[in-house]
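Below are the chains, spelled out letter by letter.
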Amino acid sequence: MYERPEEVDLCDVELVDGRVLERNSVGLQNDAGDYLGRVWFFRDITSHKLLESSLRHIACVDTLTGEMNRRHFLECANAEFELAREQQYPLAIVMIDLDHFKKINDCYGHAAGDKVLESTCKRWRAILRSNDLLGRVGGEEFAILLPNSDLGATRAVAQRLCQSMTGTPFNLDGNEVYCSISAGTTLATAEDESVKDTLLRADAALYRAKRAGRNCIEVA
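Residues numbered from 1 in each chain as written. Predicted model: local features only at pLDDT ≥ 70, side-chain atom pairs only at ≥ 80, totals over all residues. Heavy atoms only, no water.

Glancing now at the overall build of the chain. The helix and strand inventory of the chain stands at six helices and 11 strands. The C-alpha extent of the chain, read off along each of the three principal axes, is 85 × 50 × 25 Å. Counted over contacts in the chain with a minimum sequence separation of 6, partners at least 24 positions apart contribute 57%. By element, 51% of the accessible surface of the chain is carried by carbon and sulfur atoms, the whole surface being about 12400 Å². Put simply, the chain has 26 plus and 35 minus side-chain charges, and the middle of one group is 7 Å from the middle of the other. (Helix = DSSP H or I, 4+ residues; strand = E, 2+ residues; numbered from the N terminus. Contact = heavy atoms within 4.5 Å. Areas by Shrake-Rupley, 256 points an atom, 1.4 Å probe, with all protein chains shown as cover. Lys, Arg positive; Asp, Glu negative; His and termini not counted. Charge placed at Lys NZ, Arg CZ, Asp CG, Glu CD.)

Turning our eyes to something else, we now look at the sheet that holds strand 10 (residues 181–187). Overall, mixed pairing links the six strands, which are arranged 4-6-7-5-10-11 in an open sheet. Of all strands in the sheet, those bounded by a partner on one side alone are strand 4 (68–69) and strand 11 (217–219). Pairing of strand 10 with strand 11 involves three bridges; the strand directions are parallel. Each bridged residue has a counterpart across the sheet, and for A183 the counterpart in strand 11 is I217. Its contacts with the sheet place helix 6 (residues 195–211) against strand 5 (91–98), strand 7 (141–147), strand 10 and strand 11, and it is angled at close to 145° to strand 10. (Pairing = 2+ DSSP bridges. Axes fitted to C-alpha atoms, helices over the stretch in contact; angles between N-to-C directions.)

This paragraph deals with the state of the cysteines. One pass over the full model with this rule turns up zero disulfides. Between C107, a cysteine without a disulfide, and C179, which holds the nearest cysteine sulfur, the sulfur-to-sulfur distance is 12 Å. (Disulfide = S-S within 2.5 Å.)

Below, the discussion takes up the nonpolar core. Formed by 29 residues in total, the largest nonpolar core has its most connected members in I96, L98, W124, I144, L161 and I181. L161 has contacts with I96, W124, I127, I144 and I181, leaving out every residue within four places of it along the chain. The next biggest cluster of nonpolar side chains, apart from the first, holds 17 residues, and it includes A77, F81, V137 and V195. (Core = buried A, V, L, I, M, F, W, Y, C linked by side-chain atoms within 4.5 Å. Buried < 20%, exposed > 50% of the residue type's maximum accessible area, 1.4 Å probe, protein only.)

So, about the packing of aromatic side chains. Throughout the structure, instances matching the rule amount to one aromatic pair. Ring centres of W124 and F142 lie 5.2 Å apart, and the angle between their planes is 85°; on these two criteria the pair is classed as edge-to-face. Placement of the pair is W124 in helix 4 (residues 110–125) and F142 in strand 7, with a sequence separation of 18 residues. In terms of burial, W124 and F142 fall into one category: buried. The ring of F170 has R123 lying over it, and the distance from NZ or CZ to the ring centre is 3.9 Å. (Phe/Tyr/Trp six-rings, centres within 6.5 Å; stacked < 30°, edge-to-face > 60°. Lys NZ or Arg CZ within 6 Å of the ring centre and 35° of its normal.)

What sets the pattern is the α-helix's 3.6 residues per turn: residues three or four places apart point alike. A rise of 1.5 Å per residue sets the reference length of helix 4, with its 16 residues, at 22 Å; its end C-alpha atoms lie 23 Å apart and thus fit the reference within 8%. Buried residues of helix 4: A112, G113, V116, L117, T120, C121, R123 and W124, and no others. (Expected span 1.5 Å × (residues − 1).)

This paragraph deals with the side chain of S182. Looking at where S182 falls in the secondary structure, it is placed in strand 10. Given a relative accessible area of 0%, S182 falls into the buried group. Here D99 takes part through its side chain, which lies 2.7 Å from a polar atom of the side chain of S182. Excluding residues within four positions of it along the chain, S182 makes contact with M95, I96, D97, D99, L206, A209, K210, R214, N215 and C216. (Polar contact = N/O pair within 3.5 Å; in protein donor to acceptor, adjacent residues only side chain to side chain.)

Looking now at helix 6. The first and last C-alpha atoms of helix 6 sit 25 Å apart over 17 residues, in line with the 24 Å expected at 1.5 Å per residue. Here helix 6 has its buried residues at V195, T198, L199, A202, A205, L206, A209 and K210. Down the axis of helix 6, the buried side of the element spans an arc of 145°, and every buried residue falls inside it. Facing away from the buried side of helix 6 by more than 90 degrees, the exposed set consists of K196, L200 and R211. In this fold, the buried residues of helix 6 make contact with helix 2 (70–87), strand 5, strand 7, strand 10 and strand 11. Downstream of helix 6 by a residue or two, G213 has a phi angle that is positive, lying close to 120°. (Arc of directions from axis to C-beta.)

Structure below.
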């Protein structure tokens with residue numbers, strides 16, 4: 001067996017203690033070209049991998065709520081849209097806005113507002129399925145994608161999300177504060193060229209809910 005000296009076998013090796021080593025090797029030969037064996041080199045790249053992981057997390061996750069940020073939500077929603085079209089299953093979108101959220105910031109401070117946003121996502125996560133996508137797409141605006149959900153089931157989920165807000169107050173430094181939401185829902189259709197078309201329709205329904213007096217759900 002002959003291997004040229006410049007041939008390199010490069011890969012990462014994960015150890016049981018959590019460290020990651022970069023492994024590479026090079027074949028050796030004598031002056032006559034006979035294969036003599038391989039020399040293996042190992043380099044600890046654990047810190048580099050941790051930094052990569054941290055950067056990926058920052059790029060994809062909203063640091064306050066721990067849910068998807070706008071960019072990552074759109075990427076994942078688009079992939080789910082294409083899969084739903086290929087496999088012919090229903091796909092629903094819910095756009096949500098926290099009603100009069102600015103008043104919370106003005107009355108109790110931005111730290112209190114942050115607490116409401118963080119607690120809101122925890123309440124919603126207890127309602128949503130593990131495969132439902134939840135993203136913070138604006139300051140107090142959220143988008144939820146529900147695979148394999150028809151309009152009736154989607155409206156029922158939206159109602160449960162509303163009730164999770166109005167049924168239990170947020171404790172802000174000893175003050176019990178209620179916060180309602182407005183929501184717009186829709187299903188992806190065959191006419192939608194991308195998930196953005198579905199999102200725009202859900203967003204239009206959301207604004208109808210806000211114009212109707214808030215604390216309600218509109219269906220597109």
